[in-house]
Amino acid sequence: MPTVDDVLVHIGEFNFFQKQTFLLLALLSASFPPIYVGIVFLGFTPEHRCRSPGVAQLSRRCGWSPAEELNFTVPGPGPAGEAFPRQCLSYEVDWNRSGLGCVDPLAGLAANRSLLPLVPCGHGWVYDTPGSSIVTEFNLVCANSWMLDLVQAAVNVGFFIGSMGIGYIADRFGRKPCLLLTILINATSGVLMAVAPTYPWVLLFRLVQGLVSKVCWLIGYILITEFVGLSYRRTVGIVYQVAFTVGLLALAGEAYALPHWRWLQFAVTLPTFCFLLYYRCVPESPRWLLSQNRHAEAMQVMRHISRKNGKAMPAALQGLRPEEEVGEKLNPSFLDLVRTPQIRKHTLILMYNWFTGSVIYQGLIMHLGLAGSNIYLDFFYSALVEFPAALLILLTIDRIGRRWPWAGANTVAGAACLASVFIPEAALGLVAGGLVLLLPETRGQTLPETIDEVENLRRPRKHKEKKIYLQVKKQDIPLH
């Protein structure tokens, strides 16, 4: 009995149905950046200083320019050019007193203004920005600056918890129900975040988005790779990631057009409700249906694919079997990832590389704008360089293999961080590059499907035979 891949060879491995489904799921990938790195704009920290009652009135009375007001009323930089005193401390002066002059209002209080006592901001801050962010609305600066980091930490905690359970959830309940449920929760929590009245509510809704958004993105990846034929699986996986890069570019444009964080949050969230229409556009994965012994439904999906692709389903391929038939029901668990030596080694190396990639990527993204340049252009340019990276992967993955390009990319990333004085990220990248070389090369290899095959991966493995299914018509011969 043929497998799904055998049938796709005849009805289309990447024809109209797969292209349409890929475009729909690519939109899902493009909607993920506002959650993954949206804090760059939602939590942008502009130049700021203490709000001092009476300063605005004195400035108007004296006719000061903005530069003069800063020079006369705000402490200068701290030691070695640090901006902390200017942003988090103010002079202990009553600016409403009538004896202050306009030429040098502090001259009568001390011969040297550096001798004047400084106190923490007690009346809020003034932000030099035409828009708003989570930082400016909830005053997440100075002693409260850690609360901004907590917002992104909540997202990453959600990613971690959600990713841990995605395998079980998608295998237990199906790809499509999980996709639709995570879309609904993600969109709803995104809107609720946009109207959240206080910081704790923002933190809560961001955590919920983290719990479901990464799961949603991964299920989209799983679905598209299960709909296409074997020869297209690598390409659609890479291009699905390219759609994420397109989302990065769109995010930079939206953030520039909408400098107020609540409107930006609405703009990136409301369109995601349209993904609920995938209920009618995207069928369940036939591979998952087969794994649940729902053969009739799997065949119904395959016939739907053949109709969409304009190809007839061969009569000899009217039945399906799973890719691997097993004699007994398997009960996999997370412990299988560390139970045997080879899988344990591969698991730990891959986990470290995922961690390293996320830390370096998010670390570099979070440093955008800190140099005082245009944060929108910096973000846009950093996203553009991902396109040649994707092209490089497409050109090398089948010619050179996986290990050396991966190890080289990690090493280059670590060296680049080292050159930029991001020492911790540099060490992570360099170590990750070396560890990748301990993984087996998979180019041109039949991938292992059991624990025993992984443990014996270095040994020659017999390739699966290609089978041709023919329909043979039998003629009834009367018996005499």
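The model shown is predicted, which means the values in this text are computed figures rather than measured ones. (Residues numbered from 1 in each chain as written. Predicted model: local features only at pLDDT ≥ 70, side-chain atom pairs only at ≥ 80, totals over all residues. Heavy atoms only, no water.)

Caption draft 1: Spotlight on the state of the cysteines. In the structure shown here, the tally under the stated rule is three disulfides. Bridging C50 to C121, the disulfide has an S-S length of 1.6 Å. Measuring handedness by torsion sign, the sulfur bridge of C50 and C121 sits at about -60° and is left-handed. In this pair, C50 is assigned in strand β1 (residues 48-50) and C121 in the loop between β3 (118-120) and β4 (125-127), connecting sequence segments 71 residues apart. The burial state of C50 is the same as that of C121; both residues are buried. Shown here for the protein chain is a disulfide pattern of 1-5, 2-4, 3-6, where each number marks a bonded cysteine counted in sequence order. (Disulfide = S-S within 2.5 Å. Helix = DSSP H or I, 4+ residues; strand = E, 2+ residues; numbered from the N terminus. Buried < 20%, exposed > 50% of the residue type's maximum accessible area, 1.4 Å probe, protein only.)

Caption draft 2: Molecular detail of the side chain of K176. On the secondary structure map, K176 appears in helix α10 (residues 175-194). Although K176 lies buried, it forms no salt bridge, and the closest oppositely charged side chain, E284, sits 7.5 Å away as judged by the N-O distance. At a separation of 2.6 Å, a polar atom in the side chain of K176 contacts the main-chain carbonyl oxygen of Y279. Looking at K176, its side chain comes within polar contact range of the main-chain oxygen of V282, at 3.1 Å. With sequence-adjacent residues up to four places away left out, K176 is seen in contact with Y278, Y279, V282, P283 and E284. (Lys, Arg positive; Asp, Glu negative; His and termini not counted. Salt bridge = Lys/Arg side-chain N within 4 Å of Asp/Glu carboxyl O. Polar contact = N/O pair within 3.5 Å; in protein donor to acceptor, adjacent residues only side chain to side chain. Contact = heavy atoms within 4.5 Å.)

Caption draft 3: Quick peek at the pattern of salt bridges. Taken as a whole, this structure holds seven salt bridges when the rule is applied. Close ionic contact of D5 with R233 constitutes a salt bridge, the shortest N to O distance being 3.1 Å. Taken together, the positions of D5 in helix α1 (residues 4-11) and R233 in helix α12 (residues 233-257) put the pair 228 residues apart, joining distant regions of the chain. A residue is classified by how much of its surface remains accessible, and R233, at 24% relative accessible area, is partly exposed. We note a salt bridge from R262 to E137, for which the minimum N-O separation is 2.5 Å. Within this pair, whereas R262 is found in helix α13 (residues 261-269), its partner E137 is found in helix α8 (residues 134-138), the two being separated by 125 residues in sequence. Three or more residues joined by partner-sharing salt bridges are found here, namely D5, R233 and R287.

Caption draft 4: Spotlight on the side chain of R175. If you trace the backbone, R175 turns up in helix α10. On the accessibility criterion, R175 (8% relative accessible area) is buried. From its side chain, R175 meets the backbone oxygen of A170 in a polar contact 3.1 Å long. Of the polar contacts made by the side chain of R175, one reaches the side chain of E226; its length is 2.8 Å. Ignoring any residue separated from it by four or fewer positions in sequence, one finds R175 in contact with A170, I219, I222, L223, E226, E284, S285 and W288.

Caption draft 5: Quick look at the packing of α10 against α13. Where α10 meets α13, the closest approach of the two axes is 8 Å, and the angle between their N-to-C directions is 165°. Accordingly, the angle class assigned to the pair α10 and α13 is roughly antiparallel. Seen from above, α10 lies across α13 with left-handed handedness. Judged by residue contacts, A187, G190, V191, M193 and A194 of α10 engage W261, R262, Q265, F266 and T269 from α13. Class assignment of the residues belonging to the contact of α10 with α13 gives a composition of six nonpolar, three polar and one charged. (Axes fitted to C-alpha atoms, helices over the stretch in contact; angles between N-to-C directions. Parallel < 35°, antiparallel > 145°, perpendicular 65-115°, else oblique. Left-handed = near helix turned anticlockwise from the far one by under 90°. Nonpolar A, V, L, I, M, F, W, Y, C, P; charged D, E, K, R; others polar.)

Caption draft 6: How the structure looks around the environment of W261. The topology assignment puts W261 in helix α13. A C-alpha to C-alpha distance of 9.8 Å links W261 and T136, two positions 125 residues apart in sequence. Filtering out sequence-adjacent residues up to four positions away, W261 remains in contact with L42, S132, S133, I134, E137, F138, M193 and V202. At a separation of 2.9 Å, a polar atom in the side chain of W261 contacts the side chain of E137.

Caption draft 7: Quick look at the packing of aromatic side chains. Considering all chains together, one arrives at 21 aromatic pairs under this definition. Summarising the aromatic geometry, the rings of W263 and F266 are spaced 6.1 Å apart at their centres and angled 50° between planes, so their arrangement reads as tilted. A residue pair is termed a helical-turn pair when its members lie 3 or 4 positions apart in one helix, as W263 and F266 do in helix α13 at three residues. For W263, a relative accessible area of 58% puts it in the exposed group. The structure contains a cluster of three or more aromatic residues connected by ring pairs, namely F32, Y36, F159, W217, Y221, Y240, F244 and Y361. When the ring centre of F173 is taken as reference, the NZ or CZ atom of R172 above it lies at 5.1 Å. Sitting over the face of the ring of Y279, K176 holds its NZ or CZ atom 4.9 Å from the ring centroid. (Phe/Tyr/Trp six-rings, centres within 6.5 Å; stacked < 30°, edge-to-face > 60°. Lys NZ or Arg CZ within 6 Å of the ring centre and 35° of its normal.)

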